[in-house]
Amino acid sequence: MEDLTPLTNLQQIPEGPPRKKKMTERQPLLLQSDASDYEGSRGSAARPVRSSPPNNTLVNVHSEDSLAAASGSGDDEIGSTDKSSYNPTHHRDLEHPTSNFDTLVHLLKGNIGTGILAMPDAFKNAGLYVGLFGTMIMGAICTHCMHMLVNCSHELCRRFQQPSLDFSEVAYCSFESGPLGLRRYSMLARRIVTTFLFITQIGFCCVYFLFVALNIKDVMDHYYKMPVQIYLLIMLGPMILLNLVRNLKYLTPVSLVAALLTVAGLAITFSYMLVDLPDVHTVKPVATWATLPLYFGTAIYAFEGIGVVLPLENNMRTPEDFGGTTGVLNTGMVIVACLYTAVGFFGYLKYGDHVEGSITLNLPQGDTLSQLVRISMAVAIFLSYTLQFYVPVNIVEPFVRSHFDTTRAKDLSATVLRVVLVTFTFLLATCIPNLGSIISLVGAVSSSALALIAPPIIEVITFYNVGYGRFNWMLWKDVLILIFGLGGFVFGTWASLAQILNDRTH
């Protein structure tokens with residue numbers, strides 16, 4: 001899954017907890033949660049909020065001080081009539097709210113990326129029928145976890161009387177209003193979520209780097225063969241220069257071109273997959289237990305769009321249409337699950353055990369149209385790297401800038417940080433040149449933590465004072481999802497690392 005929406009922007013405001021904030025659909029997806037800590041350590045009383053962010057970002061920013069102030073009137077007030085009657089959707093003053101259709105398009109864009117091209121490889125590790133039903137079940141569980149996060153956000157918005165919260169804020173507020181023994185860990189919970197978001201996006205950047213290099217190599221191998229590391233090195237310079245652009249307003253046309261190339265590439269890839277399909281008996285219906293964790297990692301990587309859910313719901317004109325049986329979230333995720341299942345099923349059926357980490361690498365090498373598909377997808381992912389990179393760099397940048405005093409030194413340190421982070425993703429891609437392995441590892445480590453482990457923990461703590469329903473059904477359901485997520489985290493990480501080490505020894 002990939003979240004192609006950039007995430008952060010910091011400003012300063014006077015003291016005092018806001019009760020009603022003006023927001024736009026251009027606000028960042030993630031709060032720079034720890035920026036106030038970094039600035040505060042240097043004696044500044046300013047807090048981070050939004051100003052005029054770039055045109056293609058989403059807004060949802062609160063300082064942790066304002067959240068603490070909102071809850072500081074006493075624990076007994078959390079369940080008071082005054083707070084229970086607070087409707088956060090009535091307090092969102094949106095400058096440019098998004099329609100249901102706009103939100104659906106953003107949801108699809110946030111979930112469909114390189115993960116969909118890796119689904120045939122996931123089916124290879126699961127077997128045709130295990131992959132078929134497993135992908136649908138995985139999609140249902142991930143969608144339910146998204147609903148859990150939205151419901152917890154609404155509950156916590158009422159308690160803290162805030163119009164909206166993002167993922168890390170939901171984690172913070174759930175612990176802050178949960179059992180007394182856990183409240184001391186509220187900041188830790190927030191930072192853990194932010195850390196996994198950082199790891200996820202850095203992982204996406206590594207996948208993007210390697211994906212582009214492998215597809216270019218596949219095209220050039222028809223004329224002249226070189227190791228993939230050479231192509232990675234050639235890409236490093238242009239990638240650094242592109243990521244020195246700080247204003248996302250200038251990258252809006254780039255994002256549009258990338259989206260158009262992706263749609264065209266997927267359409268042509270489908271036309272290749274659906275021609276001359278072999279019989280279903282030519283592939284394994286069920287794979288071995290040893291490779292099943294690799295399937296989990298790849299599948300959860302593809303479905304990990306939970307980071308875009310709250311920002312999209314927060315910026316809707318009619319947020320009540322987001323949930324529900326036929327709401328925007330269910331509609332979008334059904335489309336995503338069907339696409340993933342179709343690509344995985346027909347891709348594996350077409351190419352069998354010879355399927356690569358990206359289905360584009362299996363297209364006929366001498367065919368002009370297939371070469372154009374590889375080039376277009378490589379260019380699309382290359383251009384999309386900048387949007388993915390915007391997330392981790394803006395999580396770390398406030399911390400780095402806080403260590404310098406002059407504006408020139410701050411700007412220079414931010415530039416050096418960008419160069420270092422791009423180079424870091426280049427080195428990781430160079431060390432792990434197996435696309436399928438790195439996708440599975442990123443999915444197992446970070447995507448499972450955000451999509452399957454964090455939501456049930458947050459829900460259990462959020463509704464600790466409210467109750468878990470008849471027979472504690474909510475608690476039992478969350479425990480089962482948590483066990484499933486932890487199992488995938490442990491065994492998926494182990495299997496991915498084992499495959500990476502095995503590849504390096506051969």
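As a reminder, the structure under discussion sits directly above these lines.
I will try to describe carefully the structure that is included in this document.

What counts and how
Residues numbered from 1 in each chain as written. Predicted model: local features only at pLDDT ≥ 70, side-chain atom pairs only at ≥ 80, totals over all residues. Heavy atoms only, no water. Axes fitted to C-alpha atoms, helices over the stretch in contact; angles between N-to-C directions. Helix = DSSP H or I, 4+ residues; strand = E, 2+ residues; numbered from the N terminus. Parallel < 35°, antiparallel > 145°, perpendicular 65-115°, else oblique. Left-handed = near helix turned anticlockwise from the far one by under 90°. Contact = heavy atoms within 4.5 Å. Nonpolar A, V, L, I, M, F, W, Y, C, P; charged D, E, K, R; others polar. Patch = residues over 30% accessible without salt bridge, like charges linked within 9 Å, V, L, I, M, F, W, Y side chains within 5 Å. Areas by Shrake-Rupley, 256 points an atom, 1.4 Å probe, with all protein chains shown as cover. Salt bridge = Lys/Arg side-chain N within 4 Å of Asp/Glu carboxyl O. Buried < 20%, exposed > 50% of the residue type's maximum accessible area, 1.4 Å probe, protein only. Phe/Tyr/Trp six-rings, centres within 6.5 Å; stacked < 30°, edge-to-face > 60°. Lys NZ or Arg CZ within 6 Å of the ring centre and 35° of its normal. Core = buried A, V, L, I, M, F, W, Y, C linked by side-chain atoms within 4.5 Å. Expected span 1.5 Å × (residues − 1). Polar contact = N/O pair within 3.5 Å; in protein donor to acceptor, adjacent residues only side chain to side chain.

1. Quick word on the packing of helix 7 (residues 128–160) against helix 14 (residues 328–351)
Part 1: Interhelical geometry of helix 7 versus helix 14 gives an angle of 160° and a closest axis separation of 10 Å. Between helix 7 and helix 14, the angle falls in the class roughly antiparallel. Remark: the crossing between helix 7 and helix 14 carries right-handed chirality. For the pair formed by helix 7 and helix 14, the contact residues are Leu128, Leu132, Thr135, Met136, Thr143, Met146 and His147 on the first element and Leu329, Asn330, Met333, Tyr340, Thr341, Phe345 and Tyr348 on the second.
Part 2: Across the contact of helix 7 with helix 14, the residue classes tally to nine nonpolar, five polar and no charged.

2. What to know about a nonpolar patch on the surface
Part 1: Taken together, the side chains of Tyr129, Phe133, Met136 and Ile137 make up a nonpolar region of the molecular surface, amounting to roughly 400 Å² of accessible area.
Part 2: Within the element layout of this structure, Phe133 appears in helix 7.
Part 3: Taking relative accessible area as the criterion, Phe133 reaches 49% and is therefore assigned partly exposed.

3. Section: the environment of Leu450
Part 1: By the secondary structure assignment, Leu450 is in helix 17 (residues 435–462).
Part 2: Since its relative accessible area comes to 2%, Leu450 is described here as buried.
Part 3: Sequence-wise, Leu450 and Gly485 are 35 residues apart; in three dimensions their C-alpha atoms are separated by 9.5 Å.
Part 4: In this view, Leu450 contacts Phe167, Val193, Phe196, Leu197, Thr200, Glu304, Ile306 and Pro455; residues no more than four positions away in its chain are not counted.

4. Brief notes about unusual backbone geometry
Part 1: A positive phi angle, close to 50°, is found at Gln161, a residue other than glycine.
Part 2: Within the element layout of this structure, Gln161 appears in the loop between helix 7 and helix 8 (167–176).
Part 3: Of note, Asp276 is a non-glycine position whose phi angle comes to about 55°, a positive value.

5. Things to note about the pattern of salt bridges
Part 1: In total, this model carries 13 salt bridges according to the counting rule given.
Part 2: Across the salt bridge formed by Asp353 and Lys284, the nearest N and O atoms sit 3.9 Å from each other. Taken together, the residues span a long stretch of sequence, with Asp353 in the loop between helix 14 and helix 15 (368–401) and Lys284 in the loop between helix 11 (252–273) and helix 12 (292–303) at a distance of 69 residues.
Part 3: Close ionic contact of Asp411 with Arg401 constitutes a salt bridge, the shortest N to O distance being 3.2 Å. Separated by ten residues along the polypeptide, Asp411 in helix 16 (residues 407–431) and Arg401 in helix 15 bring together distant segments of the chain.
Part 4: With a relative accessible area of 29%, Asp411 lands in the partly exposed category.
Part 5: Among the ionic contacts, a cluster of salt bridges with common partners joins Glu397, Arg401, Asp411 and Arg418.

6. A few points about the packing of aromatic side chains
The geometry of an aromatic ring pair is captured by the separation of the ring centres together with the interplanar angle, meaning the angle of the planes.
Part 1: By the definition in use, this model includes seven aromatic pairs.
Part 2: Seen from their ring centres, Phe303 and Tyr340 are 5.0 Å apart, and the 75° between their planes marks the pair as edge-to-face. Taken as a pair, Phe303 in helix 12 and Tyr340 in helix 14 lie far apart in primary sequence, 37 residues in all. Per residue, the accessibility class of Phe303 equals that of Tyr340, and both read buried.
Part 3: Put simply, the rings of Phe209, Tyr385, Phe389 and Phe426 touch in pairs and so form one group of aromatic residues.
Part 4: Cation over ring: Arg190 sits above Tyr172, and NZ or CZ is 5.2 Å from the ring centre.

7. Some words on the nonpolar core
Part 1: In this structure, Phe209 and Ile438 are the most contacted members of the largest nonpolar core, which totals 123 residues.
Part 2: Looking at which element gives the most residues to this core, the answer is helix 9 (residues 186–220), with 16 residues.
Part 3: Excluding its chain neighbours within four sequence positions, the residues that come into contact with Ile438 are Cys206, Val207, Leu210 and Ile432.

8. Things to note about helix 17
Part 1: For helix 17, built from 28 residues, the straight-helix expectation of 40 Å at 1.5 Å per residue is met to within 8% by its first-to-last C-alpha distance of 38 Å.
Part 2: Most of helix 17 sits out of view: 25 of its 28 residues are buried.
Part 3: Here helix 17 starts with a cap whose side-chain oxygen sits 3.1 Å from the backbone nitrogen of Gly436, and that cap is Asn434.

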